[in-house]
Amino acid sequence: MQPTEALKHEHDIILKVLDTAAIEVLRISQTYKINPGKMSAMLDFFKGFVDRCHHTKEELHLFPMMERHGQPREIGPLAVMIEEHTLGRIYLKTAAKALSLVDKGDQASIDEVGGNLGAYVDLLKAHIAKENTILFPLADSLMTADDQAELIKAFAEVESKVMGSEAHEKYHQLAKELTRT
């Protein structure tokens, strides 16, 4: 399997959870209520699986590989992807902070949770579409077979050393649980 195919597979899982999050955002806007357990689980998935695992593979391994093949980090596709990763982190951090305030009784923060989660959903869906249709085909056209093998190995190390040996499966299971309800 090519490294970009592995990332696309992760995108499929992420998109399912984003669809669930979009439904939750709509429910929040209609009822002005939050399911704290579900919201915490979603934020955990987005921070742990999407950012810490998936985006780490891209930022520490795929993007530098593309840079070595002449793609600049400061402009073009890589710059856009990095900027969107950063913006996504801001949305998640703000949503988590607002959720902690809701947990302490601050009902006014409900809008901030829903608004930031909704912005994150919109951002990530568009981001994934760009990666799948623009960035990954570009990466595939640049990389040699040796580059691809190097990335597959590096991705496995992210899962074992950065995430921990059981974290990847934990997040796959969490995604299944979140998309069931």
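Structural data are supplied above this passage.
Within each chain, residues carry numbers counting from 1 in the order of the written sequence. It should be noted that, the model being predicted, local features are given only for residues of pLDDT at least 70 and side-chain atom pairs only at 80 or more, the latter also being counted only at that level, while totals for whole chains, interfaces and linings use all residues. The basis for every side-chain value is the complete set of non-hydrogen atoms in the structure, without hydrogens or water.

**Considering the nonpolar core**
Right, on to step 1. Counting residues in each nonpolar core, the largest one holds 36 residues, and the members touching the most others are Ile14, Leu18, Ile34, Met39, Phe45, Phe46 and Val50.
Right, on to step 2. Counting from the N terminus, the helices are the DSSP runs of H or I reaching at least four residues and the strands are the DSSP runs of E reaching at least two. Listed by contribution, the elements that provide at least two residues to this core are α1 (3–31), α2 (36–68), α3 (77–103), α4 (110–142) and α6 (167–180).
Right, on to step 3. A total of nine residues in this core trace back to one element, the largest contributor, which is α2.
Right, on to step 4. By definition in these notes, contact holds between two residues if any of their heavy atoms fall within 4.5 Å. Contacts of Phe46, omitting those with residues within four sequence positions, involve Val17, Leu18, Ala21, Asp51, Leu92, Leu117 and Tyr120.
Right, on to step 5. Within the second largest apolar cluster, 13 residues are counted, among which are Phe63, Met66, Met81 and Phe155. For this analysis, a nonpolar core means a set of buried residues of the types Ala, Val, Leu, Ile, Met, Phe, Trp, Tyr and Cys, connected via side-chain atoms within 4.5 Å. Classification of residues uses two cut-offs on accessible area relative to the type maximum, computed with a 1.4 Å probe and protein chains only: under 20% is buried, over 50% is exposed, and between them is partly exposed.

**Notes on α3**
Right, on to step 1. End to end, α3 covers 39 Å across 27 residues, agreeing with the expected 39 Å (1.5 Å per residue, within 8%).
Right, on to step 2. Within the sequence span of α3, burial applies to Leu78, Ala79, Met81, Glu84, His85, Gly88, Leu92, Ala95, Ala96, Ala98, Leu99 and Val102.
Right, on to step 3. Where α3 is buried, its residues meet α2 and α4.
Right, on to step 4. After α3 finishes, the residue Gly105 shows a positive phi value of roughly 100°. One less than the number of residues in a helix, times 1.5 Å, gives the span that helix is expected to have.

**Description of the environment of Asp122**
Right, on to step 1. Inspection of the secondary structure assignment puts Asp122 in helix α4.
Right, on to step 2. Accessibility expressed as a relative area gives 56% for Asp122, which makes it exposed.
Right, on to step 3. Residues Asp122 and Leu18, spaced 104 residues apart in sequence, show a C-alpha to C-alpha distance of 8.7 Å.

**Notes on the packing of α1 against α6**
Right, on to step 1. A fitted line through C-alpha atoms serves as each axis, taken over the contacting stretch for helices, and the angle formed by two N-to-C directions is quoted from 0 to 180°. At a minimum axis separation of 9 Å, α1 and α6 run at an interaxial angle of 35°. Pair α1 / α6 crosses with left-handed handedness. For the pair α1 and α6, the contacting residues are His9, Glu10, Ile13, Lys16, Val17 and Thr20 in the first and His168, His172, Ala175, Leu178 and Thr179 in the second.
Right, on to step 2. Note on residue classes: Ala, Val, Leu, Ile, Met, Phe, Trp, Tyr, Cys and Pro are nonpolar, Asp, Glu, Lys and Arg are charged, and everything else, Gly too, is polar. The class makeup of the residues in the contact of α1 with α6 is four nonpolar, five polar and two charged. By definition, any crossing whose near helix is turned counterclockwise from its far helix by less than a right angle is left-handed, and any crossing with a clockwise turn is right-handed.

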